[in-house]
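What the coordinates show
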Amino acid sequence: MATSERFDPVILEVLWTRLISIVDEAAAALVRTSFSTVVRESNDFACVLTDARGYSLVQATDSIPSFIGTVPRTIREFLAEYPADTLCPGDIIATNDIWLGTGHLPDVTVAKPIFLDTTLVGFAGSVAHAPDIGGRIRSADSREVFEEGLQIPPLKVVRGGVLDDTFLRILKKNVRVPDQVVGDLFAQFGALDLMERQVLALMHEHGLATLTELAQEIQGRSEQAMRAAIAAVPDGKYAQEVVTDGFDQPIRLKLELNVCGDEIAIDFTGTDPQVARAINVAMCYTYAYTAYGVKAALCPEVPNNEGALRPIRIVAPAGCILNSRPPAAGGARAVVGHFLPMMVLLALSRALPERVVAGVGSPLWCVNYAGTRADGKSLAGMFFMNGGYGASARRDGYSVLSWPSNISSTPVEMVEQLAPLKFVHRRLRTGTGGSGRHRGGNGQEILIESRAAGPLVVSFLAERTRPEAAAPGIAGGEAGAPGAVLINGAPVDPKRQHLVEPGDRIELRTPGGGGFGPAVERPAGAIADDTLDGYVARLA
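Heads up: these notes are all about the structure in this document. Predicted model only: the values in this text are computed from it and were never measured.

1. Observations concerning the sheet that holds strand β3 (residues 92–95)
Here 7 strands make up an open sheet; going across it, the order is β2-β1-β5-β4-β3-β6-β7 and the pairing antiparallel. A single partner strand is all that each edge strand has here, and the edge strands are β2 (56–59) and β7 (162–163). Sheet topology places β3 next to strand β4 (residues 107–116); 3 bridges connect them, and they run antiparallel. Note that in β4 the partner of Ile93 across the bridge is Ala111.

2. Some words on the side chain of Ser139
Examined against the element boundaries, Ser139 turns out to sit in the loop between β5 (119–129) and β6 (155–159). A polar contact is formed between the side chain of Ser139 and the side chain of Asp141, at a distance of 2.6 Å.

3. Observations regarding empty space enclosed by the protein
Under the definition given, this model contains 4 cavities of 30 Å³ or more. The volume enclosed by the largest cavity comes to roughly 200 Å³. Put simply, the parts of the chain that give the lining of the largest cavity at least two residues each are β12 (365–372) and β13 (378–385). Volume-wise, the second largest cavity comes out at about 150 Å³. Around the second largest cavity, the lining is made up of 19 residues, and of these Asp44, Tyr285, Arg333, Ala334 and Ile407 lie nearest the centre. Breaking the lining of the second largest cavity down by element, the ones donating at least two residues are α3 (65–81) and α7 (283–298). In terms of residue class, the lining of the second largest cavity is built from 10 nonpolar, 5 polar and 4 charged. Shared between two domains, the lining of the second largest cavity takes at least three residues from each, and those domains are domain 1 (9–223) and domain 2 (357–540).

4. Topic: the packing of α7 against helix α10 (residues 339–348)
The geometry of a pair of packed helices is captured by two quantities: the angle between their axes and the separation between those axes. Interaxial distance between α7 and α10 falls to 7 Å at its minimum, and their mutual angle equals 40 degrees. Here α7 is positioned oblique relative to α10, judged by the angle of their axes. For the crossing formed where α7 meets α10, the hand is right-handed. For the pair α7 and α10, the contacting residues are Thr286, Tyr289, Thr290, Tyr292, Gly293, Val294, Ala297 and Leu298 in the first and Leu340, Pro341, Val344, Leu345 and Leu348 in the second. Here the contact of α7 with α10 is composed, by residue class, of 10 nonpolar, 3 polar and no charged.

Cut-offs and rules
- Residues numbered from 1 in each chain as written.
- Predicted model: local features only at pLDDT ≥ 70, side-chain atom pairs only at ≥ 80, totals over all residues.
- Heavy atoms only, no water.
- Pairing = 2+ DSSP bridges.
- Helix = DSSP H or I, 4+ residues; strand = E, 2+ residues; numbered from the N terminus.
- Polar contact = N/O pair within 3.5 Å; in protein donor to acceptor, adjacent residues only side chain to side chain.
- 1 Å grid on protein atoms, 1.4 Å probe; cavity = no way out; pocket = protein on both sides within 12 Å on 5 of 7 lines; lining within 4 Å.
- Points joined across faces, edges and corners; volume = space filled by probe spheres on them.
- Nonpolar A, V, L, I, M, F, W, Y, C, P; charged D, E, K, R; others polar.
- Domains from an automatic or database assignment.
- Axes fitted to C-alpha atoms, helices over the stretch in contact; angles between N-to-C directions.
- Parallel < 35°, antiparallel > 145°, perpendicular 65-115°, else oblique.
- Left-handed = near helix turned anticlockwise from the far one by under 90°.
- Contact = heavy atoms within 4.5 Å.

Here it is, written out as structure tokens:
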């Protein structure tokens, strides 16, 4: 945790900010050169720089929270498979392994070693959600990972700057939209090249032979800040339990958060076991989103890097739904994993109620679709939508806001341009935020009609559809309304695949966020404004 005296505060700020600008520039390049709406419109990606050991230095500002925690761990797995003395300039390693990567197959993680002359000084890393990875369309009802698509073990897909043509041919043969999948992958490669060039330029400019001392300084200062934030929380054990929709039956998650001095230990013992469905969560994803919850609550202002994570220890029993074992499916792991940062906040609310928000109407919702165009070509894609945000001690919850993921809602115009779908309406779901001194944010209602030439296979990532899984209020606030999925006006199981015929209509009702404080404490003026603004229904 000690810091170096080589970098005075001004120089350190210049270098640290410069590194962040490098990954932000790489992220912008990735977005602008990507082919799919998953990256270009929804921002489902991350760009990260690590030191030579694979420990994170900086991340792009718009990176997905889970990827911030997974990419460095994946790079360390790459080093275990390909030790430093086997790497060469121009190499790129890739994987989508569930347990070594991000927890499900559509996310492809890539990394490129950065060499200054012959010395390995760091890694440029990126992960992006591919628009398709083969197998069944992504759905919660897969039983094994083998159903979910092409598995890529850690592989050198580029050696010394030369692309492995065999890998590329296998990839293109196994996905429904090869142009989009390969286009996004090449966009990731371009982002890696940009980070490599800019890091080497920075090192030459400032006379740095390695990044080791700079990494120690950045990580050490971040660790100090996180430890100070943890030390301000009263020592003790804080338990939290939530019930999710599950699949055939609800799933129970249990957390014990132990604050001891300047460290936090989180234990998920007592959580339900993994299931023969695709809602299992690999430990990499559990770790990433749990640690994110701690940092978001206690030390949000410090840029993310390895140092901020050192005081946090997270364990989950092997074989539970938060630490799945092969061959467990994990394509819909977000419908469980997105509860984890919220569990951290709810646990900490007992000690720091003014620092956290009520339950959020997430996990993030998603529609996946696949079919055949009129010309016989395959089509596949997805788009995202959000529920209401939880209220806090300071304000009402925002309506239709994503959390814990910061994925953007895909614009209606873009979906209609690329998919045979017509959006009949997309509007706020009035009165779905939980009541309270501060009201929870509303969800939304979306009605979509299929204009496809033939049947479409659709699946949903939809959660908080059971009343017992509704977003909870805190400090006396009420829960938000649960969500629902309907096809042609009839409720359907959102965890299973469905066949939609031309002219069929899909209705999506996302959940509302929880309220904060007793509803009787809400000012009369605020209640009147809620009615006037359409956030709550007018009384008859």
